[in-house]
Every structure is written in C-alpha cells, then in structure tokens.
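Spelled out, the chains give:
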Amino acid sequence: MRSLRLTLTFVLIAASTVFAQDTARMEQVIQSYVKAGTYMGTVLVARDGNIVFDKAYGSANLEWEIPNTPATKFRLGSITKQFTAASILLLEERGRLKIEDKVSAYLPDAPESWGRITIYNLLTHTAGLPNFTSLPEYGTVKLSNAPVEKIIATFRDKPLDFGPGEQMRYSNSGYLVLGAVIEKLTGGSYAKFVADNIFAPLGMKDSGYDSNSALIPHRASGYIKGAAAVVNATYIHMSIPHAAGALYSTTGDLLKWEQALFAGKVVSPASLQKMTTPFKNDYAFGLTSRLEKGRRVIWHNGGIDGFNTSMAYYPDTKTVVIVLANVNGPVPDILVPQLGALMHGETVTLTSERKGITLPVATLSKYVGSYELSPAATMTISIDGDHLMAQLTGQGKNQMFPQSETLFFLKVVDAQIEFVTDGTGSVTHLVLHQNGRDTKAPHK
C-alpha cells in the first residue's frame with residue numbers, strides 16, 4: 001500500500017509540473033497578442049472540471065481604464081446558437097415539437113417557399129434561407145428595436161439560396177426563425193425561456209440576454225481596431241441578433257454550461273447525441289464537431305459589434321477552452337486551438353518565433369498556380385520578385401516566407417502553407433495549417 005501511495009504521489013507531482021509548464025507557455029502565447037494590441041478579454045482553460053488557467057487582459061472600459069476581470073461579462077455573438085439549439089431539444093423532449101417537423105407547422109404564416117424547410121434544416125444551416133446580416137439593408141435594420149417577426153420579414157419573401165438539405169451555408173436567419181418558434185410554442189420571450197430553463201437551473205447568474213438600456217454590472221464595452229487606434233464599436237440594437245447572437249456571459253458561467261451540457265444535465269443523452277452529430281460541413285446543432293489531429297473537438301465561435309468569442313470542448317480529455325474578447329478580431333479563434341494544443345502536450349510556435357530562409361526563384365516557381373480549398377475558395381500562388389504571394393478568393397495578396405523548401409508561413413495571420421509533391425517532384429496539392437486545422441487544397 002505504501003509503494004502505491006508513493007507512485008500516486010509521483011504521478012500527481014508529474015501532472016502538476018506539466019500543467020505549470022503549460023500555463024507558463026499559455027501566458028506567453030496570450031501575451032504575444034496582448035502586446036501587439038490585438039487582444040483584450042478573458043481566458044479560461046479547464047480539464048475534467050478543474051480550472052487550469054483563468055485570467056483577464058486589457059480593459060473592460062478603455063475610457064475609464066477599468067480592467068477586465070474573470071467576472072467581466074461579454075456579448076457572445078453566435079455562441080448563443082448552442083443555447084438556442086438546446087432550447088429546441090428541450091421542447092422536443094417535452095413533446096412540444098419534433099425536429100423533423102416542417103417549420104410551417106409552428107409558423108402558419110410562413111411563405112410557400114419554406115414548405116420543405118424543417119426544424120432540423122434550421123438547426124444545421126441547411127434551410128437555404130438568405131443570411132439577413134449579409135443583406136444590403138442590414139446596416140439600417142440593426143439600428144432600431146424590432147420584434148423577431150419584423151426582422152424575419154426582411155428575408156421571408158426572398159428566394160431561397162438553395163433547396164432545403166442540399167447544402168450547408170451559415171445563416172443567422174435560420175436561428176432567428178428558431179427563436180420565433182420557441183416564442184410561439186411557449187407564449188413568452190426567447191430570453192425568458194433560456195433564463196428559466198438553462199441559466200437558472202445551472203446557476204449561471206452572470207448570463208442573460210443583452211440590452212441597450214438595462215444596467216448590467218461588470219459588462220464590458222466593445223471596441224474595434226481602427227487604422228490608427230482602437231475605437232468604440234458600431235451600434236447594434238440587441239433585439240436584432242435575438243436567438244442567433246444576443247446572449248452575454250462570463251468564462252466562469254460558460255464553464256458551468258460546458259460541464260453540464262456534456263455531463264447530460266441540460267438535455268438527455270439522446271438529445272446531446274443529436275446536438276453534436278454533424279450533418280454537412282462538420283456542423284451539428286449550434287456546434288461544429290470535427291477531428292483535429294485525430295482528436296475530436298466540439299466548437300463554436302461568435303462575432304458581434306465590438307466582441308469576438310470562441311469556445312471548444314475536447315470530449316476525450318474533458319478539456320474546455322474559452323476565449324472572450326471585447327475588441328473585434330480573429331485572436332479568439334487563433335488562441336483556442338493554440339491553448340488546446342498546449343493542454344494536450346503539443347508545441348505552439350508563434351509567427352514571431354518562425355525563422356525564414358532564402359530559396360532560389362527556380363524552387364519558388366514550381367509552386368505557382370491555383371489550389372482549391374473549397375468550391376467557393378481558391379488559393380492562388382504567384383511570384384513577386386524573389387518571393388511567393390498567396391491570395392485567397394476575394395482577398396488581397398500576402399507575402400509568404402519560406403521556413404523550409406516546402407513549408408512557408410505568413411505574417412499577417414498565424415497560418416502556414418505546406419506544398420506536397422509526388423514521386424516526380426510535381427506539386428499535387430498544398431495544405432493550409434490555420435487555427436488548428438489542416439485543409440488540403442488540390443493543385444488545379
């Protein structure tokens with residue numbers, strides 16, 4: 001028995017040492033973005049219910065120089081969608097709907113073009129509804145208070161982008177319709193249903209539906225990074241994002257949510273299986289579920305005026321990574337896979353730590369061409385002088401820096417491009433390494 005205790009003590013000390021090493025590197029990685037002026041917010045990392053890292057950075061209010069703390073509340077943007085999906089599943093468990101039902105069964109005034117759209121299509125972004133936040137009139141619509149029916153009216157009579165179930169195309173419109181269904185069935189507001197059925201039972205006292213008028217203690221102000229300086233974010237009336245993106249929370253409350261959801265304390269195991277099983281493009285119900293480096297990760301992010309958020313759960317190790325920011329930008333989506341990698345014993349190399357080499361133009365020339373990342377996205381590689389340039393569809397050109405003969409990195413974003421050749425030396429495809437994902441793109 002004594003030798004067993006000694007062995008257990010040794011294991012615990014070893015684990016503690018690993019965590020200490022991880023947290024030191026986590027801090028170093030996060031600080032690289034803080035010092036660059038591209039990140040402020042809160043970060044929480046936990047494993048199996050134990051908090052490993054819990055810190056805040058920058059200001060909740062820059063004008064008053066009030067610092068962020070772990071108790072600071074942030075608008076979540078589209079992380080809201082998983083709460084909406086869980087609400088729909090709760091209603092299904094209570095016999096109020098079935099996800100296979102047509103949406104017109106619950107919204108009788110739905111247009112004829114919606115006739116084949118199911119609740120399932122709305123949950124998985126396969127309904128074909130045009131995304132209302134991409135419409136030309138959205139810039140005006142977002143400024144005024146409006147019930148969900150009025151917002152739906154901005155897209156209800158527009159043609160579908162595709163037939164229901166044929167494609168997956170992210171659309172906030174579908175989750176507005178889900179919010180309308182929830183309100184129709186319950187006779188109350190979406191905000192009330194989520195508060196009564198999720199936040200209150202889980203003790204999420206620092207979460208709610210955001211408001212432009214209510215006084216909400218410890219709420220962060222939102223900012224955007226302008227050309228010369230950080231400025232206040234543009235205005236959006238919080239009635240507009242509704243069930244697609246109107247909730248706020250803290251890292252601590254979101255940890256309660258993740259732990260309860262994946263422990264089967266929010267919806268039944270059968271409902272959770274539905275919620276986390278992807279249909280198209282790795283998308284399930286308000287969550288994506290995919291393999292990254294052979295490891296399952298269940299993830300979603302959010303973006304709304306002045307705020308970006310990202311949250312991942314690794315079921316194999318019960319690891320949670322949450323990054324909330326009150327300045328718009330891609331950093332939360334970069335940090336989550338980096339911190340997740342560190343939690344799983346992997347290394348993270350920052351762009352500033354990568355060392356470039358010089359390659360002859362003859363070597364660079366063989367990589368020139370077009371590479372298809374997806375049907376809608378092509379990576380075009382060209383030469384400018386003595387270096388390669390990468391250009392993604394709809395974006396500008398960015399210089400690539402060689403790290404080896406086949407591996408290049410970019411400085412404008414944390415991304416690497418690796419070229420793969422066949423036995424004859426001909427380039428067959430490239431692999432884009434970004435945000436923890438490896439995307440293969442064949443040479444066209």
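Residues numbered from 1 in each chain as written. Predicted model: local features only at pLDDT ≥ 70, side-chain atom pairs only at ≥ 80, totals over all residues. Heavy atoms only, no water.

Novice: Could you give an account of the overall build of the protein, naming the residues involved and the relevant values?
Specialist: For the protein, the count of helices and strands is 12 helices and 21 strands. Computed over its C-alpha atoms, the radius of gyration of the protein comes to 23 Å, within 12% of the 22 Å expected for a compact globule of 444 residues. Once the C-alpha set of the protein is aligned to its principal axes, its extents read approximately 65 × 65 × 50 Å. Scored against the burial criterion, the 444 residues of the protein give a buried share of 50%. Sequence separation of at least 24 residues holds for 62% of the intrachain contacts in the protein that already meet a minimum separation of 6. Element-wise, carbon and sulfur atoms account for 54% of the exposed surface of the protein, whose accessible area totals about 20000 Å². Side chains of the protein give 41 positive and 38 negative charges; the mean places of these two sets differ by 3 Å. (Helix = DSSP H or I, 4+ residues; strand = E, 2+ residues; numbered from the N terminus. Rg over C-alpha atoms; globule rule 2.2 N^0.38 Å. Buried < 20%, exposed > 50% of the residue type's maximum accessible area, 1.4 Å probe, protein only. Contact = heavy atoms within 4.5 Å. Areas by Shrake-Rupley, 256 points an atom, 1.4 Å probe, with all protein chains shown as cover. Lys, Arg positive; Asp, Glu negative; His and termini not counted. Charge placed at Lys NZ, Arg CZ, Asp CG, Glu CD.)

Novice: Provide a residue-level description of the nonpolar core, including the pertinent values.
Specialist: Core analysis: the biggest nonpolar cluster contains 79 residues, and Phe83, Ile119 and Trp257 have the highest contact counts within it. Counting residues per element, this core draws most heavily on helix α6 (residues 172-186), at eight residues. Setting aside chain neighbours within four positions, we find Ile119 in contact with Ile88, Lys98, Ile99, Asp101, Val103, Tyr106, Leu178 and Val181. Judged by nonpolar contacts, the second largest core, of 27 residues, contains Tyr33, Val297, Ala325 and Leu350. (Core = buried A, V, L, I, M, F, W, Y, C linked by side-chain atoms within 4.5 Å.)

Novice: Lay out the sheet that holds strand β18 (residues 407-410) with the relevant residues and their values.
Specialist: One open sheet holds the eight strands; their spatial order is β14-β15-β16-β17-β18-β19-β20-β21, and the pairing between them is antiparallel. Edge positions in the open sheet fall to β14 (369-374) and β21 (437-442), since each of these has one partner strand only. Across the sheet, the mean angle from the axis of one strand to that of its neighbour is 30 degrees, orientation sign disregarded. Note that strand β16 (residues 387-392) and strand β17 (residues 397-402) share three bridges and pair antiparallel. For Gln391, the partnering residue across the bridge sits in β17 and is Lys397. (Pairing = 2+ DSSP bridges. Axes fitted to C-alpha atoms, helices over the stretch in contact; angles between N-to-C directions.)

Novice: Just give me the short version of the layout of surface pockets, but keep the residues and values in it.
Specialist: For the largest pocket, the calculated volume is near 1600 Å³. In terms of lining residues, the largest pocket is bounded by 45 residues, among which Arg290, Gln434, Asn435, Arg437 and Thr439 are the most central. The residue makeup of the lining of the largest pocket, split by class, is 22 nonpolar, 14 polar and nine charged. Empty space within the second largest pocket amounts to approximately 450 Å³. Lining the second largest pocket are 24 residues, and of these Lys293, Thr347, Arg354, Gln416 and Gly436 sit closest to its centre. When residues in the lining of the second largest pocket are grouped by element, the largest group, five residues, is from helix α11 (residues 331-343). Among the residues forming the lining of the second largest pocket, the class breakdown is six nonpolar, nine polar and nine charged. (1 Å grid on protein atoms, 1.4 Å probe; cavity = no way out; pocket = protein on both sides within 12 Å on 5 of 7 lines; lining within 4 Å. Points joined across faces, edges and corners; volume = space filled by probe spheres on them. Nonpolar A, V, L, I, M, F, W, Y, C, P; charged D, E, K, R; others polar.)

Novice: So what's going on with the pattern of salt bridges? Residues and values would help.
Specialist: One pass over the structure, following the stated rule, counts 17 salt bridges. Between Asp253 and Lys256 there is a salt bridge, and its shortest N-O distance comes to 3.9 Å. Taken together, the residues span about one helical turn, with Asp253 and Lys256 both in helix α9 (residues 251-262) at a distance of three residues. The partner of Asp282 in a salt bridge is Arg437, with the nearest N and O atoms 3.1 Å apart. Pair noted here: Asp282 is in the loop between α10 (269-275) and β10 (288-292) and Arg437 is in strand β21, with a separation of 155 residues, a long-range link. A network of salt bridges, in which partner residues are shared, links Arg75, Asp210 and Arg219. (Salt bridge = Lys/Arg side-chain N within 4 Å of Asp/Glu carboxyl O.)

Novice: Quick one: what's the story with unusual backbone geometry, residue by residue and with numbers?
Specialist: Positive phi is not limited to glycine here, since Asp48 has a value of about 50 degrees. If you trace the backbone, Asp48 turns up in the loop between β1 (41-47) and β2 (50-57). One non-glycine residue, Lys318, lies in positive phi territory at about 55 degrees. With respect to the helices and strands, Lys318 occurs in the loop between β12 (307-314) and β13 (319-325).

Novice: So what about the environment of Asn197? Which residues, and what values?
Specialist: Here Asn197 is to be found in helix α7 (residues 190-202). Leaving out residues up to four positions away in the same chain, Asn197 has contacts with Leu90 and Arg94. For Asn197, the side chain forms a polar contact with the side chain of Arg94, separated by 2.8 Å. (Polar contact = N/O pair within 3.5 Å; in protein donor to acceptor, adjacent residues only side chain to side chain.)

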